[in-house]
Amino acid sequence: MSGTPSPLYNSLPLSIPRKSIRVLDFHDDIPSSPEDVLRGHMRVVDLLDRPAFTALSYVWGAYHSLPHEICCDGYSIAITPNCRAALCALRRSVGPITIWVDSICINQQDDREKESQIPLMGDIYSLAATVYIWLGEETPGSEAAIDYLSSAGFQRHFISSADLYYLSQGSAWVYWRIAWSLLTRRHKELVTTWWKHGFWSAAGTLLMGVQGLPDKLVHYEGLEDFCSREWSSRVWTLQEVILARNPVIYCGKTVLDWRSIIYSVAYLEHAGQNYGVALPEANFNVWRNIVLLWLLVNPNSWHRHQHFDIPLFDEITLEKFMPGYWNFLEAITRRHRRLAWMALCIHISVWFTILAFLRIGLGTETTKSQLAGVVIVFFAMVFVAVSVADPVFRWPVSFSRETARRVTDIPNAVIHELCARKATNPKDKFYGMYAIFSALNISVSSPQYGRAPEDVHREAFLVLLDWTQSLGLLLCSNDRKSNYKSSWVPDWDQDLSQGWFDASYLLRKGPYDATPNSSPAWSLLNGKQLALKGIIVSSIIKASDPFQVIDDDAIRLRYDQPLLLNSLKALKEYCQFGNPVLTRFSKVDLNLRNGSDSMLVLDMSTVNLPYWLGILNPLAENERLLFETSIPGRTTVGSCPAKAQVGDLIALVSGVPLPLVLRREESSYRLIGFAEIDGLMEGELWAKTTDEDLVDIVLI
């Protein structure tokens, strides 16, 4: 057995003009020892011949110091423990299998081969009979979550079809039957738990049910475990699942079909809007975006008998993709709410009637009457509490925007995933999305691993800029950590959902627009400079010191250490000229404007502390400073990146919704980041600007 696989790959050359790939025939039995070598056979097939094969989507993970191996035709190939676990699980589950595995079927030491194979990945995953998604080994939490997701959203009430959708029964009786089961579930749980474990245990179950899903309890930790698997955070896995016709999820020995994922994610989305269900927000949104993009890229799998076309900047929602199922859920919710109100009214009426008859029968002054009254009131309160605890009473208006509604459009979903997902090689942040861009008819050049990461990321920015026609994409450069020479080129390595500014500003859909009705105008100079049109408004006159996160120790010692007091003093100093954080907080308590230091000490009390921490800690976590500047007619304030300095310029640029912080370097400017400035954010100054006022602003 040879120690290097190079001769194996050389003996199985790939034809570049055609669409040749290697596949692994994994037919041998699994060795009894987990340390023994796996065995298989590798061969070349041509995708133009429509060969029968499957594909694996997984996270490589780290190699052991003594790597696991698979032996193909006498040559050993090193594989990671996660790859071995996935292959063994599939061999046990489905038997002999022909499968495409990137780490095995592509010579990872040959960049030219990788460059030729990456453009084929769209075909590989779309032509594979099944794409097996390996999430890793199961845990008790993931088992509970998969058991729930396999039936969530009342899937058993639908008629299965051969495709990836259900056929609705369409019976009104089904709606009422489901609504009745939702209504009585908590009553049954209360009585059962009370009988088996006592009153206090039953009360605990009742309180847990307030935060639970309406149809069946599932531990929050279980959904968190499932949704937060590393697979959902890697850039390569996104295109692998989105382009798959028939994905199947494996988590250890448990299996979940893709249809259940689609319906359960849609159901959880609906439950979040109509029942106020607490979900693992960020991680659930990853799966929601995966499902949305899958439905977008695979319209024939989902909408076989209808033309489905969504304009680029329209919202894409599960309600829009699945109107029949959404109407089904809405019908159940309406009936559930009616029954819940009826049950609540009946409970109150019945117990008041019983109490009234009791007082008539026993009188009002006797000890028996008073004791019976207490018992009756107790049971009445228990049953009314059960009714009120029904999640159908938790209307979405009582929840924050993030929990109640999650909407996006196609570019926002793609750019969010590009930024949030991780890649070992920085160039793969772009190359790992190649097949998705192709599926969305976005023209991109072929991968070239010899290029510098900055050049690859510059091309990604220009490709997306041409696609979206939105200079709001510069927001992706706002918090970059790289040292690229071009200040405007993002490293695509930030989660836009966690930034200071809402991701809606990417496409000028945020609540503020400092340059309303302006058209984006740009050109590329010397291949590396971005030329824009705008005006220089002012400069930073004064800036605060960097804020520090106020942790539990700082809170406990707030009267002995000056951190919190000094932070409040800084906030007070800048609030006297306006609201410096208006994009995040509509107003700051103006006690700060005129309050003395003694008032600030009072504001450090436990009552006011959460309010101030909600402002100060985000400033520290997002590395933002407060600054003072001057605009026509007034002195004003705002916030800017911590790397900004006194003397940096403030500019408004045509097509960019937020003010820019720039640093002059000869005749050009270096982009420092985005600012927010009280008095500029609603186009107050831009409305007075004419085309003749605009100058060239060249970013280096």
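In the block above lies the structure referred to throughout.
Overview of the structure. (Residues numbered from 1 in each chain as written. Predicted model: local features only at pLDDT ≥ 70, side-chain atom pairs only at ≥ 80, totals over all residues. Heavy atoms only, no water.)

A short note on the sheet that holds strand E4 (residues 68-72)
In space, the nine strands of this open sheet follow the order E5-E4-E2-E1-E6-E3-E7-E10-E11, with mixed pairing throughout. Two strands bound the open sheet, and with one partner strand each, they are strand E5 (75-79) and strand E11 (254-257). Strand-to-strand, the axes of this sheet are offset by a mean angle of 35°, without reference to chain direction. As paired strands, strand E10 (residues 247-251) and E11 are joined by four bridges and run antiparallel to one another. Bridge assignment links Ile249 to a residue of E11, and that residue is Leu256. Relative to strand E3 (residues 54-57), helix H10 (residues 235-242) is tilted by about 145°, and along the sheet it contacts E3, strand E7 (131-134) and E10. (Pairing = 2+ DSSP bridges. Helix = DSSP H or I, 4+ residues; strand = E, 2+ residues; numbered from the N terminus. Axes fitted to C-alpha atoms, helices over the stretch in contact; angles between N-to-C directions. Contact = heavy atoms within 4.5 Å.)

So, helix H21 (residues 453-468)
End to end, H21 covers 22 Å across 16 residues, agreeing with the expected 22 Å (1.5 Å per residue, within 8%). Taken together, the buried positions of H21 are occupied by Glu454, Val456, His457, Arg458, Glu459, Ala460, Phe461, Val463, Leu464, Leu465, Trp467 and Thr468. Those residues of H21 that are buried lie in contact with helix H18 (410-420), helix H19 (428-431), helix H20 (434-439), strand E14 (522-525) and strand E15 (529-543). Following H21 by one or two positions, Gln469 adopts a phi angle in the positive range, close to 55°. (Expected span 1.5 Å × (residues − 1). Buried < 20%, exposed > 50% of the residue type's maximum accessible area, 1.4 Å probe, protein only.)

Digging into a nonpolar patch on the surface
Residues Met342, Ile346, Val350 and Ile354 make up a contiguous nonpolar surface patch of about 340 Å² in total accessible area. When you line up the elements, Val350 lands in helix H15 (residues 323-362). Taking the relative accessible area as the measure of exposure, Val350 reaches 39% and is therefore partly exposed. (Patch = residues over 30% accessible without salt bridge, like charges linked within 9 Å, V, L, I, M, F, W, Y side chains within 5 Å. Areas by Shrake-Rupley, 256 points an atom, 1.4 Å probe, with all protein chains shown as cover. Salt bridge = Lys/Arg side-chain N within 4 Å of Asp/Glu carboxyl O.)

Side note on H18
Burial analysis of H18 places 10 of its 11 residues in the buried class, the great majority of the element. Taken as a whole, H18 has its buried residues at Ile410, Pro411, Asn412, Ala413, Val414, Ile415, His416, Glu417, Leu418 and Cys419. For H18, the N-terminal cap is Asp409; the gap from its side-chain oxygen to the backbone nitrogen of Asn412 is 2.8 Å. (Polar contact = N/O pair within 3.5 Å; in protein donor to acceptor, adjacent residues only side chain to side chain.)

Honestly, it's all geometry; don't read function into it.
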